[in-house]
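# Report on the structure
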Amino acid sequence: EDPSLERHFKGHRDAVTSVDFSLNKKQLASGSMDSCLMIWSMRPQMRAYHFVGHKDAVMCVQFSPSGHLVASGSRDKTVRLWVPSVKGESTVFKAHTATVRSVHFSSDGQTLVTASDDKTVKVWTVHRQKFLFSLSQHINWVRCARFSPDGRLIVSASDDKTVKLWDKTSRECIHSFCEHGGFVNHVDFHPSGTCIAAAGTDNTVKVWDVRMNRLLQHYQGNAVVNSLSFHPSGNYLVTASNDSTLKILDLLEGRLLYTLHGHQGPATCVAFSRAGDFFASGGSDEQVMVWKTNFDAADYGEVLKTQKSGSSVDGTHHSLSSERDCGVHLKKTKTQDSGRNHEQQEDNSLANALEHIMGQLDVLTQTVSILEQRLTLTEDKLKECLENQQKIIQNKAN
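Residues take numbers from 1 onward in each chain, read along the sequence in its written order. Confidence filtering applies because this is a predicted model: local features only for residues at pLDDT of at least 70, side-chain atom pairs given and counted only at 80 or more, and all residues used for totals across whole chains, interfaces and linings. Each side-chain value is derived from all of the structure's non-hydrogen atoms; neither hydrogens nor water enter the calculation.

The condition is simple: UniProt positions are given in the numbering used here, feature names are shortened, and annotations may be inferred rather than shown by experiment.
For the chain, an unreviewed UniProt entry supplies the name POC1 centriolar protein homolog A and the organism Chauna torquata. Here the chain is described in UniProt, under the heading Function (unreviewed entry), as follows: "May play an important role in centriole assembly and/or stability and ciliogenesis." Recorded in UniProt under Sequence similarities (unreviewed entry), the annotation for the chain is "Belongs to the WD repeat POC1 family."

The following block contains the structure:
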């Protein structure tokens, strides 16, 4: 069955720059050149939240892994952290000196990596909201930066035509991939963490192995590729291009599966939901579209179960395969017998409870941080008043 358009969101007043699903698929965040961040509800008849705070275009948005926070980066040089609720309160991170193009949470939700036109990649702590360090070897704007699934590596893509791989602990650049004929708009890690895909203004998508640092796959399109997203199974990649199309690539077969026409004008961003059953896209036409994945449903449901239980037969755990097929190697395993389903459910409820606690912590941290900001403002005002008083007293004495 082909992918199909499920929902259609209209509300932005300028090009949409970025889209991301929350963990539970109940919400979808989008950023736009209209300086607004919007949170759409996937449930019908639910109103969208409209967050105003950035002073200029919002270039990127992402939900935290728990779904209780949303990060955004803007042309106003700041990064904001929002609680996606009615109040829409946010705290501001300032350290970049130019447009922030990309925000990404580590999979444990503890750290944030941002990329900017100031040619740096910066890493921050989420809970203490502190700037930690900069990675600065790019010699042009950095469009995108992402953590590896295990959080040990960072990949960044730049207008200097390179994709750089960094070790987060040593903060050193391990490798530079320089095979692009144009700027690199977007980059991301395969769910296995063994390879990366990069989208370029030279109309290509390239997939590299990060262990051997070699090119695995090369897809030549006929328009600039603005964004890409891996399906959680690791078998598919969806791209958004300037020719207004979304393309779904089959990484196992190394071929184009579908071309989808929905946007009028360039498709600017695209993202799969965390379970892979939906993907969302945004465009210059100010629209956000949600698509039902449909393809290979039985197949990837099976694959995801296998990944969760970690019971890969050959022990490679969906690593990338040999040169022979340059694809992603996945052994299918049957789901466990029903005896173990019970354990699975208990695990799930425990995971959900932990998820909830983490979320509550996120919100508490955020609230404390907002209070701290207000306290600082009050202290500053008090200081100002005291200084003014001193001046008045001195003037009188003189």
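### A word on the UniProt feature "repeat: WD" (unreviewed entry) in the chain
Under the convention used in this document: Think of it this way: any DSSP run of H or I at least four residues long counts as a helix, any run of E at least two long counts as a strand, and we number them from the N terminus.
Taken from the UniProt record, the annotation "repeat: WD" (unreviewed entry) applies to residues 9-43, 51-82, 93-134, 135-176, 177-218, 225-259 and 260-292. Secondary structure across residues 9-43 divides into 0% helix and 57% strand, with the first and last C-alpha atoms of the span separated by 12 Å. Helix and strand shares over residues 260-292 are 0% and 61% respectively, and the end C-alpha atoms of the span are 12 Å apart.

### With respect to the environment of His-12
Keep this limit in mind: Throughout, exposure labels follow a simple rule: accessible area from a 1.4 Å probe, protein chains only, divided by the maximum for the residue type, with under 20% read as buried, over 50% as exposed, and the rest as partly exposed. By definition in these notes, contact holds between two residues if any of their heavy atoms fall within 4.5 Å. Here a polar contact is recorded for every N or O atom pair within 3.5 Å, except that within protein the pair must consist of a potential hydrogen donor and a potential acceptor, and residues adjacent in sequence are included only if both atoms are side-chain atoms.
Tracing the chain through its elements places His-12 in the loop between β1 (4-10) and β2 (16-21). The exposure class assigned to His-12 is buried, which follows from its relative accessible area of 5%. For the pair His-12 and Asp-34, spaced 22 residues apart in sequence, the C-alpha separation works out to 6.8 Å. Other than its neighbours up to four places away in sequence, His-12 contacts Ser-30, Gly-31, Ser-32, Asp-34, Cys-36, Met-38, Trp-40, Glu-286 and Val-288. Only 2.7 Å separates the side chain of His-12 from the side chain of Ser-30, close enough to count as a polar contact.

### Section: the pattern of salt bridges
Here is the rule we go by: Any Lys or Arg side-chain nitrogen located within 4 Å of an Asp or Glu carboxyl oxygen qualifies as a salt bridge.
This structure, assessed with the given rule, holds seven salt bridges. Linking Arg-75 and Asp-56 is a salt bridge whose minimum nitrogen-to-oxygen distance equals 3.2 Å. Highlighted residues: Arg-75 in the loop between β7 (70-74) and β8 (78-82) and Asp-56 in the loop between β5 (49-52) and β6 (58-63), separated in sequence by 19 residues. The partly exposed category is assigned to Arg-75, whose relative accessible area is 37%. For Asp-56, a relative accessible area of 26% gives the class partly exposed. The salt bridge partner of Asp-159 is Arg-143, with a shortest N-O separation of 2.9 Å. In this pair, Asp-159 is assigned in the loop between β15 (153-158) and β16 (163-167) and Arg-143 in strand β14 (residues 142-147), connecting sequence segments 16 residues apart.

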